[in-house]
Amino acid sequence: MALRQERPEPGSPRSTRDSATAVDAGREVADRMAEAAAAWLDALDADQREVGAGPAPGVDGEAEAERTRWYYTPTDHGGLTFHQQRPAQQRLAMRLVASGLSEAGYTTVATVLGLENVLDRVEGFSVNWGRERTRDPGMYYLRVFGRPGGDLPWGWRFGGHHVSINNLVVDGRVVATTPCFLGADPAASPLLGGAALRPLGTAEDLARELVRSLRPEAARRAVLLSRAPNDVVAGNSARVGDRVVKRAELWRPGPHLPDRAEHPVTGLDGADQRALALTPAPRGVPGAELDAAQRELLRALLGTYLGRVPDGVSPLSRYDDPAALDAVHLAWAGSTSAGEPHYYRLQGPRLLIEWTNVHRGANHAHAVWRDPETDFGGDVLAAHHAAHHAR
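Residues numbered from 1 in each chain as written. Predicted model: local features only at pLDDT ≥ 70, side-chain atom pairs only at ≥ 80, totals over all residues. Heavy atoms only, no water.

## Here we look at the environment of D269
- With respect to the helices and strands, the residue D269 is situated in the loop between β10 (223-225) and α8 (270-276).
- With relative accessibility at 58%, the residue D269 sits in the exposed group.
- For the pair D269 and D45, spaced 224 residues apart in sequence, the C-alpha to C-alpha distance is 49 Å. (Helix = DSSP H or I, 4+ residues; strand = E, 2+ residues; numbered from the N terminus. Buried < 20%, exposed > 50% of the residue type's maximum accessible area, 1.4 Å probe, protein only.)

In structure tokens:
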């Protein structure tokens with residue numbers, strides 16, 4: 001069962017003006033993406049283009065199944081890796097990545113890539129999965145689907161360990177920026193002078209402050225389970241729903257699959273699995289029950305996810321509307337004490353945010369933002385094909 005949620009009804013003249021402004025901004029971002037994507041593709045030789053360029057987005061079929069297949073593990077994400085590119089091409093690749101992110105979002109993504117070097121040291125430079133280097137900042141993949149610019153739909157995907165960025169452009173504007181996944185392992189690393197590198201730290205701290213601020217009765221409803229799941233509940237499913245995702249699905253089929261591959265990614269079963277399952281009606285405590293200070297925390301927490309992308313395509317301004325913030329539910333699992341395993345999610349119309357920090361002594365974070373109604377832009381793409389390709 002997919003978690004479909006109703007779109008907000010068209011509103012006042014103000015909402016019409018806001019919608020027009022958003023369309024214009026979406027076109028500006030799409031133009032920057034198209035320029036950067038075309039420059040990268042033009043710099044590739046024929047063999048590289050065979051890997052880095054994919055078919056245009058469609059409604060169904062194996063090509064579309066590949067575009068909507070995504071990962072956040074150190075597996076083959078599909079596309080051209082940094083290792084397969086010359087330095088000048090890598091620069092153009094990162095220019096494309098930057099076009100789909102805010103400044104803070106780009107800085108965070110670049111930091112997550114660099115954490116592969118830190119993780120390698122944490123593991124004693126010893127992990128070997130049958131390739132020359134396992135924790136490898138060169139194993140990030142870029143693929144462009146279709147021809148950038150023009151009238152036809154096109155998109156691009158960038159991903160590797162703890163990064164998955166997915167964008168779709170239809171009718172000259174950005175219509176989808178989800179799923180958008182970032183992780184950090186380690187979630188906190190020491191810096192000189194006693195400081196700590198925490199790329200996703202604010203997303204953890206704000207959520208903990210919010211749940212700990214709840215009145216006892218609200219806290220009892222917010223905390224769905226006393227233990228935290230091993231991973232985000234929706235995993236890397238192509239469409240958000242109530243299906244249990246298995247660990248094997250986190251990896252493209254190949255020689256390396258995780259231990260306990262057929263077990264749920266969450267590590268939960270029975271009553272625990274049911275307690276934390278995603279449902280069309282969000283569980284937890286709604287924003288409508290929060291006081292003014294708590295609502296400010298919730299709005300700021302949303303910003304740590306929705307602010308990953310440029311203002312022109314971010315839905316963050318939607319939550320300036322009190323009614324939109326009212327509908328966002330906070331749910332938690334695990335401990336609310338710092339340094340202990342925990343999970344939370346924010347769920348509402350066209351919104352699912354999941355966070356977990358469990359492994360390595362609660363020093364390995366996953367943080368994903370999704371749109372249950374139109375991840376990968378599926379509904380907009382279908383409407384475009386119905387309008388332009390109907391017989």
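## Focus: the pairing of strand β14 (residues 351-357)
- The buried fraction of β14 is high, at seven of seven residues.
- Burial along β14 is two-sided: the face carrying L351, I353, W355 and N357 and the face carrying L352, E354 and T356 are both buried.
- Summarising the sheet, strand β13 (residues 342-348) and β14 pair through seven bridges and their orientation is antiparallel. Counterpart to G348 in the pairing with β14 is L351.
- The turn linking β13 back onto β14 is made up of two residues, and R350 within it adopts a positive phi angle of 55°. (Pairing = 2+ DSSP bridges.)

## Some details on the pattern of salt bridges
- Within this structure, the stated rule accounts for 22 salt bridges.
- With a closest N to O distance of 3.6 Å, R69 and E62 form a salt bridge.
- With a shortest N-O distance of 2.4 Å, R299 and D320 are connected by a salt bridge. Of this pair, R299 sits in helix α9 (residues 292-306) while D320 sits in the loop between α9 and α10 (322-326), placing them 21 residues apart in sequence.
- Accessibility expressed as a relative area gives 24% for R299, which makes it partly exposed.
- Linked through salt bridges whose partners overlap, the residues forming this network are E62, E66, R69, D76, R143, R157 and R252. (Salt bridge = Lys/Arg side-chain N within 4 Å of Asp/Glu carboxyl O.)

## Brief notes about the packing of aromatic side chains
- Applying the stated criterion across every chain yields a total of eight aromatic pairs.
- Centre to centre, the rings of W70 and Y72 are 5.8 Å apart; their planes meet at 50°, and the pair counts as tilted. The same class applies to W70 and to Y72, which are both buried.
- Relative to F181, the ring of Y72 lies with its centre 4.1 Å away and its plane at 5°, an arrangement referred to as stacked. (Phe/Tyr/Trp six-rings, centres within 6.5 Å; stacked < 30°, edge-to-face > 60°.)

## Details of the layout of surface pockets
- Approximately 620 Å³ is the volume found for the second largest pocket.
- Residue lining of the second largest pocket: 25 residues in total, with R247, W251, P258, H359 and H364 positioned closest to the centre.
- For the lining of the second largest pocket, a count of residues per class yields eight nonpolar, 10 polar and seven charged. (1 Å grid on protein atoms, 1.4 Å probe; cavity = no way out; pocket = protein on both sides within 12 Å on 5 of 7 lines; lining within 4 Å. Points joined across faces, edges and corners; volume = space filled by probe spheres on them. Nonpolar A, V, L, I, M, F, W, Y, C, P; charged D, E, K, R; others polar.)

## Things to note about the environment of A93
- With respect to the secondary-structure elements, A93 resides in helix α4 (residues 87-99).
- A relative accessible area of 0% means that A93 is categorised as buried.
- Distance from A93 to F82, taken between C-alpha atoms, is 8.5 Å for residues 11 residues apart in sequence.
- Non-local contacts of A93, meaning those with residues more than four positions away in its chain, are made with W40, F82, Q85 and L142. (Contact = heavy atoms within 4.5 Å.)

## Focus: the pairing of strand β5 (residues 163-170)
- Taking burial as the measure, the eight residues of β5 include eight buried ones, the bulk of the element.
- Alternating residues of β5 divide into V163, I165, N167 and V169 and S164, N166, L168 and V170, and every residue in both groups is buried.
- For strand β4 (residues 154-160) and β5, the ladder comprises seven bridges, and the chain directions are antiparallel. Bridge pairing in β5 places F158 opposite I165.
- Here β4 folds back onto β5, and the loop between the two strands holds two residues, one of which, H162, carries a positive phi near 70°.
- Looking at chain direction, β5 and strand β6 (residues 173-176) are connected through three bridges and run antiparallel. Its bridge partner being in β6, L168 is matched across the sheet by A176.
- Hairpin connection from β5 to β6: two residues lie between these consecutive antiparallel strands, with D171 at a positive phi of about 55°.

## Topic: the confidence of the model for the protein
- For the protein, mean pLDDT is 93; residues scoring 70 or higher make up 94% of the total.
- Here residues 4-17 is modelled with pLDDT under 50, and outside its nearest four sequence neighbours on either side it reaches 16 contacts, counting other chains as well. (pLDDT = per-residue confidence, 0-100.)

## Re helix α5 (residues 103-122)
- Taking 1.5 Å per residue as the helical rise, α5 with its 20 residues ought to reach 28 Å, and the 28 Å between its terminal C-alpha atoms agrees with that figure.
- Most pronounced at G114, the bend in α5 amounts to some 30°.
- Regarding α5, the residues found buried are G105, T108, V109, V112, L113, L115, E116, L119 and D120.
- Just downstream of α5, G124 is the residue with a positive phi angle, here 70°. (Expected span 1.5 Å × (residues − 1). Bend = angle between axes of the 7 residues up to and from the residue.)

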